[in-house]
Amino acid sequence: MVDILWLLVCSGLVFLMQTGFMCLESGLTRAKNSINVAVKNFVDFGISASLFWAFGYALMFGTTYRGWFGTTGFFVTIDGNASLAAFFLFQTMFCGTATTIVSGAVAERMRFQAYLLVACLTSGLIYPLFGHWAWGLSVPGFRQGWLGHLGFSDFAGSTVVHSVGGWIALATLLIIGSREGRFPKDGPPQKIHGSNLQLSVLGTMLLWMGWLGFNGGSTLHLTEQVARIVVHTVLAGVAGMMTAL
């Protein structure tokens, strides 16, 4: 029960990162576009959670087909299995984070409907498939994907979650380009100022807090490792801040 409680607490902390992304991104965009960015962060979690429940979880953690994708566990049933419920909730938050990374990269340059399509592809297909390839976790019926068999290791999703979200964002930006007016043809690059820097700072601090659950919960158990992992997470953020300062 302690492990289940720990995963539930960490799930709440990771969910807090959704709020952090919303504050950070809407604060760094112009006032006329800030509500669009905020709503994208709100809606993409609903999309990612529903698709991950329906078939994303099965593709990622179901019984593997030759290490490429899962084949069981569609429309996850959690009744009577508290451990599965906690694990599913935790992984749903990871999926939501991978999806919402894209929203900040494409802020002020992608229509709402187009972003919803990207969110569906990310959470329903790309993220679950790569997660299946890379992660071998203690889930009934799950065996390591082909990357896991090759020795690939990713403890808390630096590649599975954040790199995947980043690569999808980059691919999208290569198509849609920079924000209008950022690089005028007849002049120097123009700096686009955010609408609310205090909100963006709040978002940064919320993300930092969320990382405690992201990394600490990745053990899946409340062990002696957790304290060390959380301290390293805090010090890593401090190191990044001081380097930038």
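Residues numbered from 1 in each chain as written. Predicted model: local features only at pLDDT ≥ 70, side-chain atom pairs only at ≥ 80, totals over all residues. Heavy atoms only, no water.

Colleague: Before we go on, may I ask you to explain the overall build of the chain in this structure?
Modeller: Secondary structure assignment for the chain yields 8 helices and 2 strands. Over its C-alpha atoms the chain spans a radius of gyration of 19 Å, differing by no more than 12% from the 18 Å that the globule rule assigns to 245 residues. Dimensions of the chain along its principal axes, counting C-alpha atoms only, are 60 × 35 × 35 Å. Relative to its 245 residues, the chain shows a buried fraction of 44%. Expressed as a percentage of contacts within the chain between residues at least 6 apart in sequence, the contacts between residues at least 24 apart total 74%. When the accessible area of the chain is evaluated, it comes to approximately 12,700 Å², of which 69% is carbon and sulfur surface. Measuring between centres, the 12 positive side-chain charges of the chain sit 11 Å from its 9 negative side-chain charges. (Helix = DSSP H or I, 4+ residues; strand = E, 2+ residues; numbered from the N terminus. Rg over C-alpha atoms; globule rule 2.2 N^0.38 Å. Buried < 20%, exposed > 50% of the residue type's maximum accessible area, 1.4 Å probe, protein only. Contact = heavy atoms within 4.5 Å. Areas by Shrake-Rupley, 256 points an atom, 1.4 Å probe, with all protein chains shown as cover. Lys, Arg positive; Asp, Glu negative; His and termini not counted. Charge placed at Lys NZ, Arg CZ, Asp CG, Glu CD.)

Colleague: Sorry if this is basic, but what is going on with the packing of helix α7 (residues 197-216) against helix α8 (residues 225-244) here?
Modeller: Two quantities define a packed helix pair, namely the angle between the axes and the distance from one axis to the other. Orientation of α7 relative to α8, taken along the N-to-C sense of each, is 145°, at an axis distance of 9 Å. By crossing handedness, the relation of α7 to α8 is classed as right-handed. Every residue of α8 that contacts α7 at Trp208, Trp211, Leu212, Asn215 and Gly216 is listed here: Val226, Ile229, Val230, Thr233, Val234, Gly237, Val238 and Met241. Partitioning the contact of α7 with α8 into residue classes produces 9 nonpolar, 4 polar and no charged. (Axes fitted to C-alpha atoms, helices over the stretch in contact; angles between N-to-C directions. Left-handed = near helix turned anticlockwise from the far one by under 90°. Nonpolar A, V, L, I, M, F, W, Y, C, P; charged D, E, K, R; others polar.)

Colleague: What am I meant to see in the environment of glutamine 198 here?
Modeller: Inspection of the secondary structure assignment puts glutamine 198 in helix α7. For the pair glutamine 198 and alanine 86, spaced 112 residues apart in sequence, the C-alpha separation works out to 34 Å.

Colleague: For this particular structure, what's the right way to read α8?
Modeller: Given 3.6 residues per helical turn, the α-helix brings residues three or four places apart onto the same face. Compared with an ideal rise of 1.5 Å per residue, which puts 20 residues at 28 Å, α8 spans 29 Å between its outermost C-alpha atoms and is within 8% of the ideal. Within the sequence span of α8, burial applies to Val226, Ile229 and Thr233. Down the axis, α8 shows its buried residues gathered within 65° of arc, on one side only. Exposed and oriented more than 90 degrees from the buried face of α8 are Leu235 and Thr243. (Expected span 1.5 Å × (residues − 1). Arc of directions from axis to C-beta.)

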